[in-house]
Amino acid sequence: MCKTLRIAGLVILSFILVGCAGKDFVRPSSDTFQLGQTGYSQVIQQMGEPKNVGEVIKNEKNVKSITYVYASVGGESLEEGVIPARALTYYFYNDTLVGQVFLSSFKSDNSNFDISKIEKIKKGKSTRMDVIQIFGKPTASLIPPMVKATSGKAIGYNYAATRGGAFRQPRSYIKTLQISFDDKDLVSDAEFTSSGEKE
């Protein structure tokens, strides 16, 4: 399941590496678009035309994705030496929203999270509120077919950072944490992945 969040991270990094700044945007509040209810046209109407449109297969279903991305060399990043960037990807099944993933390395709205706290998540014991108290506001939310129907809803945390410049080969780092819940809102699965170079 973490692959979904990792793909979103790779999308933003690919835009940075080819020098696509994109159009700046503000992340909508968590209740602006509702999973399972909001339609494709509603997102386009509020967010405008996306930077990238794609398609993925999730649990044998064709899912449409749209991505908004912005990078600014002159912006203030969370970490020194990181190119500040943000991306927001929406996923649609039958033109209905089934997933949204946000990530940012801008200091003002960064999506970084502390991996040392992952051990606090207890499968079958921790609730959704417990997870949010540990990590803060989720940067991703997903429902079937973005997750298996048996997993119910999932939330995630993800962060991507690219370092480099005119005289340095770009180096990227991605970390993702995806947490699924059962029908009692207890953690049923937690998956963490990371790749690339931190420094």
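Rules behind the numbers
- Residues numbered from 1 in each chain as written.
- Predicted model: local features only at pLDDT ≥ 70, side-chain atom pairs only at ≥ 80, totals over all residues.
- Heavy atoms only, no water.
- Salt bridge = Lys/Arg side-chain N within 4 Å of Asp/Glu carboxyl O.
- Phe/Tyr/Trp six-rings, centres within 6.5 Å; stacked < 30°, edge-to-face > 60°.
- Helix = DSSP H or I, 4+ residues; strand = E, 2+ residues; numbered from the N terminus.
- Buried < 20%, exposed > 50% of the residue type's maximum accessible area, 1.4 Å probe, protein only.
- Lys NZ or Arg CZ within 6 Å of the ring centre and 35° of its normal.
- Pairing = 2+ DSSP bridges.

**Some remarks on the pattern of salt bridges**
Pairing between side chains becomes possible if they bear opposite charge and their charged atoms approach one another.
Reasoning step 1: As enumerated under the stated definition, the model contains 5 salt bridges in all.
Reasoning step 2: One connected set of salt bridges, linked through shared partners, spans Asp24, Arg86 and Asp109.

**Concerning the packing of aromatic side chains**
Reasoning step 1: Applying the stated criterion to the full structure yields 9 aromatic pairs.
Reasoning step 2: Judged by centre distance (5.5 Å) and plane angle (90°), the ring pair of Phe33 and Tyr90 falls under edge-to-face. Of the two residues, Phe33 sits in the loop between α1 (2-17) and α2 (40-47) while Tyr90 sits in strand β3 (residues 85-93), which places them 57 residues apart along the sequence.
Reasoning step 3: Given the relative accessible area of 1%, Tyr90 is considered buried.
Reasoning step 4: Members of the aromatic cluster, each reached through a chain of ring pairs, are Phe25, Phe33, Tyr68 and Tyr90.
Reasoning step 5: Just above the ring of Tyr40 sits the side chain of Lys64; from NZ or CZ to the centre is 4.0 Å.
Reasoning step 6: The ring of Phe113 has Lys175 lying over it, and the distance from NZ or CZ to the ring centre is 4.7 Å.

**Some details on the pairing of β3**
Reasoning step 1: Within β3, 8 of the 9 residues are buried, leaving the element largely enclosed by the surrounding structure.
Reasoning step 2: By the bridge criterion, 8 bridges tie strand β2 (residues 61-71) to β3 in an arrangement that is antiparallel. Counterpart to Ile66 in the pairing with β3 is Tyr90.
Reasoning step 3: Direction of pairing for β3 relative to strand β4 (residues 96-104): antiparallel, over a ladder of 8 bridges. Across the sheet, the residue bridging to Thr89 is Val101, located in β4.

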